[in-house]
Protein chains: 2
Amino acid sequence: MNDVSTPQFAALKDLLGLICYGQLAAFGRLAAQSADAPDLARRALMSQLAAAELAPYRRLAKRLVELEITPEDAMAPFVAPLDAYHDSTRPADWLEALVKAYIGDGIADDFYREIANLLDDPDRSLVLEVLHERALAEFAVEHVRDAIAAEDGRGDQLALWARRLVGEAVTQTQRVAEKNPALAGLIASADNAPNGLGELIKRLVTSHTARMRALGLSN
Amino acid sequence: MNDVSTPQFAALKDLLGLICYGQLAAFGRLAAQSADAPDLARRALMSQLAAAELAPYRRLAKRLVELEITPEDAMAPFVAPLDAYHDSTRPADWLEALVKAYIGDGIADDFYREIANLLDDPDRSLVLEVLHERALAEFAVEHVRDAIAAEDGRGDQLALWARRLVGEAVTQTQRVAEKNPALAGLIASADNAPNGLGELIKRLVTSHTARMRALGLSN
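Residues numbered from 1 in each chain as written. Chains lettered and ligands numbered in written order. Predicted model: local features only at pLDDT ≥ 70, side-chain atom pairs only at ≥ 80, totals over all residues. Heavy atoms only, no water.

1. Section: the overall build of chain A
Helix and strand counts for chain A stand at eleven helices and zero strands. Across chain A, helices and strands are ordered from the amino to the carboxyl terminus as α-α-α-α-α-α-α-α-α-α-α. What you see for chain A is a C-alpha radius of gyration of 17 Å, in line with the 17 Å of a compact globule of 219 residues. Along the longest, intermediate and shortest principal axes, the C-alpha atoms of chain A span 55 × 35 × 25 Å. The proportion of buried residues among the 219 residues of chain A is 53%. Of the contacts made within chain A by residues no fewer than 6 positions apart, 79% connect residues no fewer than 24 positions apart. Surface exposure of chain A reaches about 9,700 Å², of which carbon and sulfur atoms provide 52%. (Helix = DSSP H or I, 4+ residues; strand = E, 2+ residues; numbered from the N terminus. Rg over C-alpha atoms; globule rule 2.2 N^0.38 Å. Buried < 20%, exposed > 50% of the residue type's maximum accessible area, 1.4 Å probe, protein only. Contact = heavy atoms within 4.5 Å. Areas by Shrake-Rupley, 256 points an atom, 1.4 Å probe, with all protein chains shown as cover.)

2. Examining the relation of the copies chain B and chain A
The two copies are related by a screw operation: chain B maps onto chain A through 180 degrees of rotation and 0.0 Å of translation along the axis, at an RMSD of 0.0 Å. What we have between these two chains is a two-fold relation. For chain B, the residue whose C-alpha comes nearest the rotation axis is Ala51(B), separated from it by 2.5 Å. By residue overlap, the copies meet face to face through one surface: 100% of the interface positions of chain B are interface positions in chain A. (Least-squares fit on C-alpha atoms with pLDDT ≥ 70 in both.)

3. Here's the deal with the interface of chain B and chain A
Taken together, the 21 residues of chain B in the interface contact 21 residues of chain A. Overall, the association of chain B and chain A removes approximately 1,700 Å² of surface from exposure, summing both partners, and the carbon and sulfur fraction of that is 71%. Summed over the shared surface of chain B and chain A, the number is zero salt bridges. Where chain B meets chain A, there are two residue pairs in polar contact (both at pLDDT 80 or more). Contributing elements (two or more residues each) for the side of chain B that touches chain A: helix H1 (7-34), helix H2 (40-52), helix H3 (54-66) and helix H4 (71-75) of chain B. For the side of chain B that touches chain A, the leading source of residues is H2(B), giving eight residues. Taken together, the residues of the side of chain B that touches chain A break down into 15 nonpolar, three polar and three charged. (Buried area = accessible area lost by both parts, 1.4 Å probe. Salt bridge = Lys/Arg side-chain N within 4 Å of Asp/Glu carboxyl O. Polar contact = N/O pair within 3.5 Å; in protein donor to acceptor, adjacent residues only side chain to side chain. Nonpolar A, V, L, I, M, F, W, Y, C, P; charged D, E, K, R; others polar.)

4. Re the pattern of salt bridges
This model, assessed by the stated rule, comprises 22 salt bridges over all chains. Arg63(B) is the partner of Glu66(B) in a salt bridge, and the nearest nitrogen-oxygen pair spans 2.9 Å. Of this pair, Glu66(B) and Arg63(B) both sit in helix H3, separated by three residues, roughly a single helical turn. Linked by salt bridges that have partners in common, Arg29(A), Asp87(A) and Arg90(A) make up one network.

5. Here we look at the packing of helix H1 (residues 7-34) of chain A against helix H3 (residues 54-66) of chain A
Residues and elements named next belong to chain A. Packing of H1 against H3 leaves a shortest axis separation of 9 Å and a crossing angle of 150 degrees. Considering their axes alone, H1 and H3 lie roughly antiparallel with respect to each other. Read as a crossing pair, H1 and H3 show a hand that is left-handed. Contact residues: Lys 13, Leu 16, Gly 17, Ile 19, Cys 20, Gln 23, Leu 24 and Phe 27 in H1; Leu 54, Pro 56, Tyr 57, Leu 60, Ala 61, Arg 63 and Leu 64 in H3. Here the residues of the contact of H1 with H3 sort into eleven nonpolar, two polar and two charged. (Axes fitted to C-alpha atoms, helices over the stretch in contact; angles between N-to-C directions. Parallel < 35°, antiparallel > 145°, perpendicular 65-115°, else oblique. Left-handed = near helix turned anticlockwise from the far one by under 90°.)

6. A closer look at the confidence of the model for chain A
Of the residues in chain A, 92% reach a pLDDT of 70 or more, and the chain-wide mean stands at 87. Here helix H8 (residues 138-150) of chain A stands out as the element of chain A with the lowest mean pLDDT, 82, in contrast to helix H4 (residues 71-75) of chain A, whose mean of 96 is the highest. (pLDDT = per-residue confidence, 0-100.)

7. Notes on unusual backbone geometry
All names here are of chain A. Going from Asp 121 to Pro 122, the amide bond is cis rather than trans, its omega being 10 degrees. Non-glycine residue Glu 68 carries a positive phi angle of around 60 degrees. Tracing the sequence through the fold places Glu 68 in the loop between H3 and H4. Of the residues examined, Glu 68 reaches a relative accessible area of 75% and is grouped as exposed.

Next up, the structure:
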């Protein structure tokens, strides 16, 4: 039995709701972007990137139902910050959408993983496993590297775009933590993070830098 | 080894390309529609209906690559008729989109299944298996029945909509058969269809009537 009155349970509900809405929102944005792909091959790739966002959604929504939490209730607090992130980072073209999928999902996954590590099993394992399966975004790397090699100046422009993405992602991460005390409390309670959220964000930015290098973008 | 010069091979390429583009197009339309869902629960449902369209795409595109056919080449002849079908049947709201997913996919699947039955294995089994897995659309039935029960006149309006869908689907099926001689030849060669396409369309309409009843709609 879960003790539904504990801060741990509230933080679990928040994390599952956050990931669920994050995936649902990413699905909608990527799927819409797929219509603008320059050809059928890239339209198929983007469509599959979008669909891959829903596998975590399904598994975690099922877990919420098991915990007797309505997925929509768990997602509701995260609609505003995630929609704000997406509204402020609308890709101008197909390549920006691809960079956003890779960079944005990467930061989000790192954030979810950090929090999942503070949960008890079976939820800790479930979230880590679900995130581990989201490997399709790696396909993006090859396409972006090819595009940068083919067009002068594209690398600089995409590097600028990626910097904007990380800035907006950090802003919304802080907003999510501030507005959801159970999550913030869990983060602050971590042994390895005396400074809580600040330390966590530093680690997010370090991992982001590695992804920038993978794309062939300067930081 | 496949003999690439046979009409059978050309018809296989056509069928796999047709299903692949059909799924890709259905994905894009349903995904776009999910943004207009009246709440998060229905947005999640429609998103999952959309994503389910891509499982057949992935498996059949992989098969095309095995056959040394570029999926985009196989899909190309079907872009115009399928886009015409979707352009002429734009759902006015979420419920029409749900009916379209159920009715439209049902007719398409029946058509694909009829042709698959005329192929040799392993492709016959592959196509039938892939189509069999597309059970998510069945979820639509419950939602549509509930909506009809809740609102006077909605059933009549949706029945009219479904009749338009079947009319457009039959028109585009005929167009696909006319413009793709390998497919038309395969259909005409069937033992059980001396009248070829005409008989096939009669069977499609019979199955459609059963789906209308499942939705609680008069034909």
